[in-house]
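Remarks on the overall topology
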Amino acid sequence: MTPKVAIIGAGFGGLCMAIRLEMAGIGSYTVFEKADGLGGTWRDNSYPGAGCDIPSHLYSYSFEKYASWTRRYPEQPEILAYLEHCADKYGVRGKIKFNAEVTDAAFDGTRWQVTTGGGEPEAFDVVVMSVGQLNRPRLPAIPGMDDFEGAAFHSARWDHGHDVTGRRVAVIGSGSSAAQLIPRVAERAERLTVFQRTPNWVIPKPDAEFGAGARLAFRYVPGLQRAYREWIYRYAEGTLYPALAGGWSRDLLRKRALGHLRDQVPDPELRAKLTPGYPPGCKRVIIDSAFYPALSRDNVEVVTEPISRITPKGVETARAPYEADTIVYATGFRATEFLSPIRVTGRAGRDLAEQWAGGPEAYLGISVPHFPNLFLLYGPNTNLGHNSIVFMLECQVGHVMACLPHLSGGRRLEVRPEAMAAWRTQLDAAMARMVWGDGCQSWYKTAEGRVTNNWPGPTPLYRRLTARPPRAAYRQV
Ligand code: NAP
């Protein structure tokens with residue numbers, strides 16, 4: 001008997017899992033999605049300018065290459081349309097329960113009991129968590145936030161009913177989301193004040209449209225799309241990964257970013273404000289060619305003094321008040337709180353949040369000791385700063401698929417604590433090489449300084465490790 005599978009989340013990962021099950025002829029699964037639509041982060045992040053800085057032909061499933069991409073770097077509506085297309089083409093849409101937020105997943109000794117808000121638990125043999133790392137907005141704790149009289153929202157909860165045209169807008173934060181939305185907002189706002197706490201390293205994004213000829217070629221020239229995708233993958237792996245791992249391209253990345261800054265920001269005072277004082281890669285490198293020109297506009301000001309409070313009329317620093325009609329919090333996500341707020345209970349009543357008190361961890365980022373038949377997609381230490389997350393998701397889904405034959409007939413598979421310990425040792429050793437260590441502050445780390453989000457190795461290694469048969473690392477329980 002094939003196992004009954006609960007997939008939590010209908011973003012890139014959850015859809016990939018559902019599609020691979022369909023391909024294998026396993027129809028006994030349900031996808032639980034808390035929102036009223038699919039797409040995960042690509043549904044949530046609809047701010048003006050939202051897009052991906054990984055090229056379209058790589059930021060897509062290997063089994064569903066898409067010749068119709070209109071740009072080298074896809075924008076949010078096109079990525080969402082791609083995911084909708086995949087859900088329909090592979091027949092998984094009918095298996096998604098929308099507006100179904102999972103609050104609890106508890107192992108009862110035999111099966112998993114999955115509960116959605118207020119409902120009765122439903123029993124499953126396998127649970128695949130695919131809730132993402134960047135799904136819960138982090139609002140800052142600035143005094144006076146509730147007193148602001150204008151419109152205020154997080155970048156991932158963009159208020160499309162609020163028109164910024166002709167308004168005074170304050171953007172708090174200057175990370176990847178801010179870098180994408182600032183150019184679009186600056187075009188329409190009367191004034192835009194950017195509150196930057198830490199400058200980021202920025203390299204150019206060589207975006208371009210794919211004309212009809214290129215799209216036809218991708219569709220009809222045998223092997224072209226595959227070769228192009230492979231080239232982008234190898235280029236990112238061969239140039240960007242070494243920069244993060246202290247390798248040959250580290251100085252090149254710095255030079256590229258400083259050159260980009262010099263080329264795009266003529267004002268030396270602004271350039272000084274935008275020059276980071278930490279190594280490139282320490283925080284996510286921004287890949288964008290519209291951000292700096294937007295910051296150089298006459299109607300845009302970059303403020304670097306710390307914000308002291310929000311007033312009913314705007315944002316205040318120790319130096320001056322900045323009146324605003326709109327505040328956009330581009331302040332990131334609660335990225336280290338994996339799976340939260342879902343309560344996950346494993347064997348013998350083990351609480352996952354308690355087990356993870358020292359920092360979330362999972363074997364291959366996928367499996368957790370004492371939690372049989374539970375699998376995570378985009379789990380701890382599987383985020384990348386240099387290549388496509390879709391690649392990692394496909395590796396993880398492939399691993400779950402390899403585990404499934406061991407789970408039929410009510411059998412349960414759990415990663416051995418020794419395998420987890422060996423994995424931790426391997427990760428720590430690899431992590432020591434990476435740029436994210438001491439002196440770096442980013443969303444990749446817990447408050448205690450443990451890097452819980454990023455994968456520290458090359459991605460081909462991750463593919464090899466996840467492709468291993470589960471026999472050695474797992475045990476039947
Ligand atoms: P983020 O990178 O975490 O940036 C948050 C920004 O808000 C930072 O500039 C941060 O400053 C600032 N901030 C936070 N709290 C603040 C406070 N209390 N006062 C002032 N400033 C504050 O978040 P994000 O820009 O939403 O991006 C998150 C991740 O999403 C990215 O790293 C990337 O992985 C992904 N993303 C990807 C793309 C893409 O093209 N692929 C696009 C958008 C997002 P500090 O740096 O000082 O903390």
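In this convention, every chain numbers its residues from 1, walking through the sequence in written order. Reporting of local features is limited, given that this is a predicted model, to residues whose pLDDT is at least 70; pairs of side-chain atoms are given and counted only at 80 or more, and all residues count toward the totals for whole chains, interfaces and linings. Heavy atoms from the whole structure form the basis of all side-chain values; hydrogens and water molecules are not counted.

1. Overview of the packing of aromatic side chains
- Two rings from Phe, Tyr or Trp (for Trp, the six-membered ring) form a pair when their centres sit within 6.5 Å of each other. Planes less than 30 degrees apart are called stacked, planes more than 60 degrees apart edge-to-face, and all others tilted. Summed over the entire model, instances satisfying the criterion amount to 27 aromatic pairs.
- Relative to Tyr90, the ring of Phe63 has its centre 5.6 Å away and its plane inclined at 85°; by these criteria the two rings are edge-to-face. Pair noted here: Phe63 is in the loop between helix 2 (41-44) and helix 3 (76-89) and Tyr90 is in the loop between helix 3 and strand 3 (96-97), with a separation of 27 residues, a long-range link.
- Owing to a relative accessible area of 17%, Tyr90 belongs among the buried residues under this scheme. Where helices and strands are cited, they refer to DSSP runs of H or I of at least four residues and of E of at least two residues respectively, numbered from the N terminus. A 1.4 Å probe rolled over the protein chains alone gives each residue an accessible area, and that area as a share of the maximum for its type sets the label: buried under 20%, exposed over 50%, partly exposed in between.

2. Overview of the state of the cysteines
- Note that a disulfide, as used here, is simply two cysteine sulfur atoms within 2.5 Å. Applying the stated criterion across every chain, the model contains 1 disulfide.
- Between Cys282 and Cys440 runs a disulfide, and the two sulfur atoms are separated by 1.9 Å. In this structure the cystine formed by Cys282 and Cys440 twists about its S-S bond by roughly -135°; its chirality is therefore left-handed. Placement of Cys282 in the loop between helix 8 (268-273) and strand 12 (286-287) and of Cys440 in the loop between helix 12 (417-431) and helix 13 (459-466) is noted, with a sequence separation of 158 residues between them.
- Residue class for Cys282 comes out buried when judged on its relative accessible area of 2%.
- Classification of Cys440 by relative accessible area gives buried; the value is 8%.
- No disulfide involves Cys395; its sulfur sits 9.9 Å from that of Cys16, the nearest cysteine.
- Residue classification places Cys395 among the buried residues on the basis of a relative accessible area of 9%.

3. A look at empty space enclosed by the protein
- Each cavity reported here is a set of points on a 1 Å grid over the protein atoms alone in which a 1.4 Å probe fits but cannot get out, each pocket an open set with protein on both sides within 12 Å along at least five of seven lines, and each lining residue one with an atom within 4 Å of a point. Grid points are joined across faces, edges and corners, and a volume is the space filled by probe spheres set on the points. A full pass over the atoms with the stated rule returns 3 cavities of 30 Å³ or more.
- The volume enclosed by the largest cavity comes to roughly 70 Å³.
- Its residues placed into classes, the lining of the largest cavity shows 8 nonpolar, 2 polar and 2 charged.
- Domain extents, as shown, originate in an automatic or database domain assignment. Shared between two domains, the lining of the largest cavity holds at least three residues of each, these being domain 1 (5-136 + 334-476) and domain 2 (138-200 + 283-332).
- Charged residues are taken to be Asp, Glu, Lys and Arg, nonpolar residues to be Ala, Val, Leu, Ile, Met, Phe, Trp, Tyr, Cys and Pro, and polar residues to be all remaining types, Gly included. Residue composition of the lining of the second largest cavity, by class: 7 nonpolar, 2 polar and no charged.

4. Considering the site of the ligand
- The immediate surroundings of the ligand are formed by 23 residues, with Asp53, Ser177, Thr198, Lys283 and Trp443 found nearest.
- For the ligand, an oxygen atom lies 2.9 Å from a polar atom in the backbone of Ser174.
- Nitrogen and oxygen atoms within 3.5 Å of one another constitute a polar contact, given that in protein one can donate a hydrogen and the other can accept it, and given that sequence-neighbouring residues count only through two side-chain atoms. One of the side-chain N or O atoms of Lys283 is found 2.8 Å from an oxygen atom in the ligand.
- Tallying contributions element by element places helix 4 (residues 176-188) first for the shell around the ligand, with 3 residues.
- Of the residues assigned to the shell around the ligand, the class counts are 8 nonpolar, 11 polar and 4 charged. It suffices for a single heavy atom of a residue to lie within 4 Å of a molecule or strand for the residue to be listed as near it.

5. Observations regarding the packing of helix 1 (residues 12-23) against helix 3
- Angles shown run from 0 to 180 degrees and are taken between the N-to-C directions of axes, each axis being a line fitted to C-alpha atoms and, for helices, limited to the stretch in contact. As a packed pair, helix 1 and helix 3 sit with axes 10 Å apart at the nearest point and diverge in direction by 20°. In this view, helix 1 runs roughly parallel relative to helix 3, as classed from their interaxial angle. Viewed along their axes, helix 1 and helix 3 form a crossing whose handedness is left-handed. From helix 1, Phe12, Leu15 and Ile19 reach across to helix 3, where they touch Ile79, Tyr82, Leu83, Cys86 and Ala87.
- Here the contact of helix 1 with helix 3 is composed, by residue class, of 8 nonpolar, no polar and no charged. Every angle not falling under 35 degrees, over 145, or within 65 to 115 is termed oblique; those three ranges are roughly parallel, roughly antiparallel and roughly perpendicular. In this scheme the crossing of two helices becomes right-handed for a clockwise turn of the near helix relative to the far one and left-handed for an anticlockwise turn of less than a right angle. The contact criterion used throughout is that any non-hydrogen atoms of two residues lie within 4.5 Å.

6. Digging into the sheet that holds strand 5 (residues 112-116)
- Any two strands with at least two DSSP bridges between them are considered paired. Strand order in this open sheet of 4 strands is 6-5-4-18, and the pairing throughout is mixed. Two strands in the sheet have a free side with no partner beyond their single neighbour: strand 6 (122-124) and strand 18 (343-345). Within the sheet, the average angular offset between the axes of one strand and its neighbour, ignoring direction, is 20°.
- Looking at chain direction, strand 5 and strand 6 are connected through 3 bridges and run antiparallel. Bridge pairing links Val114 to Glu122 in strand 6.

7. So, the nonpolar core
- Phe12 and Tyr61 are the most contacted members of the largest nonpolar core, which totals 68 residues.
- Buried Ala, Val, Leu, Ile, Met, Phe, Trp, Tyr and Cys residues form a nonpolar core when they are joined through side-chain atoms within 4.5 Å. Residues Tyr47, Val194, Val202 and Ala294 belong to the second largest nonpolar core, which totals 31 residues.

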